[in-house]
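Summary of structural features
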Amino acid sequence: MSKILITGANGQLGSEINALKEAYPTFEFVFTDVAELDITDPVDLDAKLQSIAPSVIVNCAAYTAVDKAESDLALAEKINSLAPKLLAEASKKYGIFLLYVSTDYVFDGTAHIPYTEEVATSPDSAYGSTKLDGELHVQNGCDDYLIIRTSWLYSAYGNNFVKTMKRLGNERDELGVIFDQIGTPTYAGDLAKAILDIVEAKEAGSVSDVSGVYHYSNEGVCSWYDFANEIFRQEKIECHVKPIETSEYPTAANRPHYSVMNKRKIKTTFGIAIPHWVESLSVCLDALKANESR
């Protein structure tokens, strides 16, 4: 039985992995967050890895406060750059497979066709820069790894755009939402399943020599304006969505205007089928209703 260590277990992705654990009976999961394991402390990390002895680490821990990272760079670097460096070094030392989750913010968003993994990175924010540093530490620090870049993550857990739109849509008659940032929403439940399927294939020996960078988001393309409209349509929320430009909603950090990612590599390498974002949004909204009724 493979022992899988999940870091950042209380976040959106870690919570979705936890929700799926029963579907993977050949895995022994160890879920940790900062209270159980400080991945920025090399002494604590080494001691815990010796004690747990995992064969796989899935690093879901991240500093994701995009705007706050501009002024809180030291903490963003500690979590997004130093921690992956330490995890990579420890993974190499103990022969552990490391899966690191990264972001579309490693690109500047000036493209007009979906980004492949080979396109040169050019982050335009502190958050994107620290996540790219994390990627490079993983690539340079260990031999057996996988980096998955994702975008516009949302979930039935934690704070995210879907939950915010539901709340504001029920509170207001009109809402301004940005229409000139284009990308693809990613349901964390789908990404969690893809990660576990990849780990399962890797541990079973079904795939080999797969180290590298991969892109994963749901299928399809939309703006935040389109995303909000679809949330309201599915939830039957009567709130008028007004399209606004990025310049009308200034933020501390720059956002990519275009962050659609090409997913051919992950689909062909691992045989993964990826749902359309509209379909997955429906699944997430049903999960939210189920959580609310408990």
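The preceding data block contains the structure.
Summarised in this report is the structure supplied together with it. (Residues numbered from 1 in each chain as written. Predicted model: local features only at pLDDT ≥ 70, side-chain atom pairs only at ≥ 80, totals over all residues. Heavy atoms only, no water.)

1. Considerations on the pattern of salt bridges
- For the coordinates displayed, the defined rule picks out 15 salt bridges.
- E89 is paired through a salt bridge with K85; the nearest N and O atoms lie 2.8 Å apart. With E89 and K85 both in helix α3 (residues 73-94) and four residues apart, this pair spans about one turn of that helix.
- For K289, the salt bridge goes to E235, with nearest N and O atoms at 2.6 Å. With K289 in helix α9 (residues 277-292) and E235 in helix α7 (residues 224-235), this pair connects stretches of sequence that are 54 residues apart.
- Residue classification places E235 among the buried residues on the basis of a relative accessible area of 17%.
- One network of salt bridges, in which partners are shared, links K166, E235, K289 and E292. (Salt bridge = Lys/Arg side-chain N within 4 Å of Asp/Glu carboxyl O. Helix = DSSP H or I, 4+ residues; strand = E, 2+ residues; numbered from the N terminus. Buried < 20%, exposed > 50% of the residue type's maximum accessible area, 1.4 Å probe, protein only.)

2. Topic: the packing of helix α5 (residues 161-171) against α9
- Packing of α5 against α9 brings their axes to within 11 Å, and their N-to-C directions diverge by 65°. Between α5 and α9, the interaxial angle falls into the category roughly perpendicular. Considering how the two elements wind past one another, α5 and α9 form a crossing that is right-handed. Mapping the contact onto sequence places V162, K163 and K166 in α5 and L281, L285, L288 and E292 in α9. (Axes fitted to C-alpha atoms, helices over the stretch in contact; angles between N-to-C directions. Parallel < 35°, antiparallel > 145°, perpendicular 65-115°, else oblique. Left-handed = near helix turned anticlockwise from the far one by under 90°. Contact = heavy atoms within 4.5 Å.)

3. Here's the deal with the pairing of strand β10 (residues 212-215)
- Alternating positions in β10 separate into two faces, G212 and Y214 on one and V213 and H215 on the other, with burial throughout.
- For strand β5 (residues 145-150) and β10, the ladder comprises four bridges, and the chain directions are parallel. Counted as the bridge partner of L146 is G212 from β10. (Pairing = 2+ DSSP bridges.)

4. A short note on empty space enclosed by the protein
- Inspection of the entire model under this criterion finds one cavity of 30 Å³ or more.
- The calculated volume of the largest cavity comes to roughly 40 Å³.
- Lining the largest cavity we find D104, Y105, W152, Q181, W224, R255, P256 and S259.
- Of the residues contributing to the lining of the largest cavity, the split by class is four nonpolar, two polar and two charged. (1 Å grid on protein atoms, 1.4 Å probe; cavity = no way out; pocket = protein on both sides within 12 Å on 5 of 7 lines; lining within 4 Å. Points joined across faces, edges and corners; volume = space filled by probe spheres on them. Nonpolar A, V, L, I, M, F, W, Y, C, P; charged D, E, K, R; others polar.)

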